[in-house]
Amino acid sequence: MSLENQELRKAGLKVTLPRVKIYQILERAGEGDHFSAEDIYKLLMEHGEDVGLATVYRVLTQFEAAGLVSRHHFEGGHSVFELARDEHHDHVVCVKCGKVREFFDPDLVRRQNEIAEELGFHITDRTLYLYGVCKDGCEKK
């Protein structure tokens, strides 16, 4: 049984071709890659897969509910998905093209914990999104 099938079954989902294909796209993503539902739909079309955009949205929502993917909601209504991982990381988002990059900084995490402790809090979860303009062409525009 393939890894995709095992992951879907472990999450309590029936193994269907659209689910397998969408999971494969997310699984094969490069480190730090994030995809919108539209990005996944375009990739499926490029590979000749007959999966509708509504199905992509429905499958991603099911994956999120099952804990297989994480959805990130960015300003301007921009949402992207990535496979759920146990390790913490933060995001930098280009406000012009929507490109998302991940980063992890242990000093930043340490400082966040210190600030929370100083204020009398115990951190149970954290999310940090930094917004800016990327240097891959957007900054020059």
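Refer to the structure above for everything that follows.
All chains use their own residue numbering, which begins from 1 and follows the written sequence. The predicted nature of this model means local features are confined to residues of pLDDT at least 70 and side-chain atom pairs, given and counted, to a pLDDT of 80 or more, with totals for whole chains, interfaces and linings taken over all residues. Hydrogens and waters are ignored; side-chain quantities use all the structure's heavy atoms.

**Student:** So what about helix H5 (residues 106–118)? Which residues, and what values?
**Tutor:** Where helices and strands are cited, they refer to DSSP runs of H or I of at least four residues and of E of at least two residues respectively, numbered from the N terminus. Helix span is expected to be 1.5 Å times the residue number reduced by one. For H5, which comprises 13 residues, the first-to-last C-alpha distance of 18 Å matches the rise-based estimate of 18 Å (1.5 Å per residue) to within 8%. Within 3.5 Å is the distance limit for a polar contact, defined as a pair of N or O atoms, with the added protein rule that one can donate a hydrogen and the other accept it, and that residues adjacent in sequence qualify only through two side-chain atoms. Taking the backbone nitrogen of aspartate 107 as reference, a side-chain oxygen 2.8 Å away marks aspartate 105 as the first, capping residue of H5.

**Student:** Just give me the short version of the pattern of salt bridges, but keep the residues and values in it.
**Tutor:** We define a salt bridge as a contact between a side-chain nitrogen of Lys or Arg and a carboxyl oxygen of Asp or Glu at a distance within 4 Å. For the structure on display, the rule yields 7 salt bridges. Of the charged contacts in the structure, one is a salt bridge between arginine 111 and glutamate 114, with a shortest N-O distance of 3.2 Å. One end of the pair is arginine 111 and the other is glutamate 114, both in helix H5 and 3 residues apart, which spans about a single turn. Burial classes: relative accessible area under 20% of the type maximum marks a residue as buried, over 50% as exposed, and values in between as partly exposed (1.4 Å probe, protein chains only). For arginine 111, a relative accessible area of 36% puts it in the partly exposed group. Here arginine 111 and glutamate 118 are joined by a salt bridge, their closest N and O atoms 3.6 Å apart. Through salt bridges with shared partners, a single ionic network connects Arg110, Arg111, Glu114 and Glu118.

**Student:** I'd like a description of the environment of arginine 28, backed by residues and values.
**Tutor:** Tracing the sequence through the fold places arginine 28 in the loop between helix H2 (17–27) and helix H3 (37–46). Judged by relative accessible area, which is 65%, arginine 28 ranks as exposed. The spatial distance from the C-alpha of arginine 28 to the C-alpha of cysteine 94 is 23 Å, given a sequence separation of 66 residues.

**Student:** Give me the packing of aromatic side chains: which residues, what numbers.
**Tutor:** In this scheme Phe, Tyr and Trp rings, the latter by its six-membered ring, pair at centre separations within 6.5 Å, and the angle between planes marks the pair as stacked below 30 degrees, edge-to-face above 60, and tilted otherwise. Enumeration according to the criterion identifies 2 aromatic pairs in this entry. Considering the side-chain rings of phenylalanine 74 and tyrosine 129, the 4.7 Å spacing of their centres and the 80 degrees angle between planes classify their relative orientation as edge-to-face. Residue phenylalanine 74 is located in strand S1 (residues 69–74), and its partner tyrosine 129 is located in strand S5 (residues 129–132); the two are separated by 55 residues in the primary sequence. According to the relative accessible area criterion, phenylalanine 74 is buried, its value standing at 4%. The exposure class assigned to tyrosine 129 is partly exposed, which follows from its relative accessible area of 23%.

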